[in-house]
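So the chains spell out like this:
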Amino acid sequence: QQQVKQSPQSLIVQKGGISIINCAYENTAFDYFPWYQQFPGKGPALLIAIRPDVSEKKEGRFTISFNKSAKQFSLHIMDSQPGDSATYFCAASKAAGNKLTFGGGTRVLVKP
Amino acid sequence: DGGITQSPKYLFRKEGQNVTLSCEQNLNHDAMYWYRQDPGQGLRLIYYSQIVNDFQKGDIAEGYSVSREKKESFPLTVTSAQKNPTAFYLCASSSLNRFTNYGYTFGSGTRLTVV
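Please read these numbers as outputs of a predicted model, since none were measured by experiment. Sequence order as written defines the numbering, with residues in each chain counted from 1. Chains and ligands are labelled by the order in which they are written, letters from A for the one and numbers from 1 for the other. Totals for whole chains, interfaces and linings use every residue, but because this is a predicted model, local features are given only for residues with pLDDT of at least 70 and side-chain atom pairs only at 80 or more, for both listing and counting. Hydrogens are left out, water is left out, and the side-chain values use all remaining heavy atoms of the structure.

Caption draft 1: Expanded view of the packing of aromatic side chains. Residues and elements named next belong to chain B. Side-chain rings of Phe, Tyr and Trp (the six-membered ring for Trp) are treated as a pair once their centres are within 6.5 Å; stacked means planes under 30 degrees apart, edge-to-face means over 60, and tilted covers the remaining angles. All told, the structure shown has 21 aromatic pairs over all chains when counted by the stated rule. Taken together, a centroid distance of 6.3 Å and an interplanar angle of 15 degrees make the contact between Tyr 33 and Tyr 48 stacked. Residue Tyr 33 is located in strand β4 (residues 31-37), and its partner Tyr 48 is located in strand β5 (residues 43-51); the two are separated by 15 residues in the primary sequence. Taken as a pair, Tyr 33 and Tyr 48 share a single burial class, namely buried. With a centroid separation of 6.0 Å and an interplanar angle of 50 degrees, the aromatic rings of Tyr 35 and Tyr 104 are classed as tilted. One end of the pair, Tyr 35, is in strand β4; the other, Tyr 104, is in the loop between β9 (87-94) and β10 (105-106), and 69 residues separate them in sequence. The burial state of Tyr 35 is the same as that of Tyr 104; both residues are buried. The secondary structure listing takes helices from DSSP runs of H or I that are at least 4 residues long and strands from runs of E that are at least 2 residues long, numbered from the N terminus. Only protein chains enter the accessibility calculation, which uses a 1.4 Å probe; a residue is then buried when its area is under 20% of its type maximum, exposed when over 50%, and partly exposed in between.

This is the structure:
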C-alpha cells in the first residue's frame, strides 16, 4: 500500500519558470512532511519541511503548501534554475523523528 | 564536521556471497535507517533502529540483516537470500526529539552490483 503518492514522475521547466510537485497521503496520523532533494549518485538532502499547524512555509525560492482537509501538500520552486535539476521526494511521518514514508520521486529538469 | 559516512561507495558481490555495508554517524542521533533505491524509483525502508541493541523490520527486510551494537554504527548485511540485491543503498539517521529534530541526515550511499 503506497501511503504517499507523488506526481508527476518527471517535469521539464524553463529557466525562470515555476516547478510544482504534488503529494497526497492517506494516514491522518502523519504530522511531519519534509521534502528532499537528490542529485545523481548522492544521498537525499533535506530541503524544507512543514507541520500541519501551518498551511504554507517558504524558504527562499522553495515553498510548501499544505492542505490538511484534502490530505495533500505540494512543493513550489519559484524562478527555477538549472542547478535545481534533481530528483525531489516528498515524505511523511507520524512525528519528526520517526521513520519516513517516501513518495516515488519527481525528476525535475530545468532547461536554460 | 558531523555527518554520516557510508562505505564502500561501490561494492561488487558474487552470486551466493554475503556482503556488509558500513554506516557510521557522529551526530549523536538515536535513530538510524537503511533504505534501498532502485533506478527511477523511490526509497524503500529495509530496517530501522531507534535504540542500541534493538531494530525493526521495514517494508522489504527479507534477505537483509542488521545489528546495532553501538549508537554510532548500523551495518547492513545483504545475504545470499536476497535475490535481486543490485541497488543503491542509503543509510540515514535522525534525532527522536521533536523540538530539535531536523529530519533525516542521509549518507552518500553505497552502490551494490551483483557480478
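Resuming the write-up.
Caption draft 2: Highlighting the pattern of salt bridges. The rule for a salt bridge is simple: a side-chain nitrogen of Lys or Arg has to be within 4 Å of a carboxyl oxygen of Asp or Glu. Under the defined criterion, the tally for this structure stands at 5 salt bridges over all chains. Where Asp 84 of chain A meets Arg 61 of chain A, a salt bridge forms, and the shortest distance between an N and an O atom there is 2.8 Å. On the criterion of sequence distance, the pair formed by Asp 84 of chain A in the loop between β8 (72-77) and β9 (86-92) and Arg 61 of chain A in the loop between β6 (56-59) and β7 (62-67) is long-range, its members being 23 residues apart. Close ionic contact of Asp 38 of chain B with Arg 44 of chain B constitutes a salt bridge, the shortest N to O distance being 2.7 Å. Residue Asp 38 of chain B is classed as buried on the basis of its relative accessible area, which comes to 11%. Of the residues examined, Arg 44 of chain B reaches a relative accessible area of 34% and is grouped as partly exposed. Taken together, the shared-partner salt bridges in this structure form one network comprising Arg 36, Asp 38 and Arg 44 of chain B.

Caption draft 3: Spatial organisation of the sheet that holds strand β1 (residues 4-7) of chain A. All names here are of chain A. When DSSP finds two or more bridges between two strands, those strands count as paired. Across the sheet, 5 strands lie side by side as β1-β3-β8-β7-β6; this open sheet has antiparallel pairing. Of all strands in the sheet, those bounded by a partner on one side alone are β1 and β6. Neighbour-to-neighbour, the strand axes of this sheet turn through a mean angle of 15 degrees, independent of strand direction. By the bridge criterion, 6 bridges tie strand β3 (residues 19-25) to β8 in an arrangement that is antiparallel. Bridging from a neighbouring strand, Asn 22 pairs with Ser 74 of β8. In this analysis, axes come from line fits to C-alpha atoms, helices being fitted only over the stretch in contact, and the angle between any two N-to-C directions falls in the range 0 to 180 degrees.

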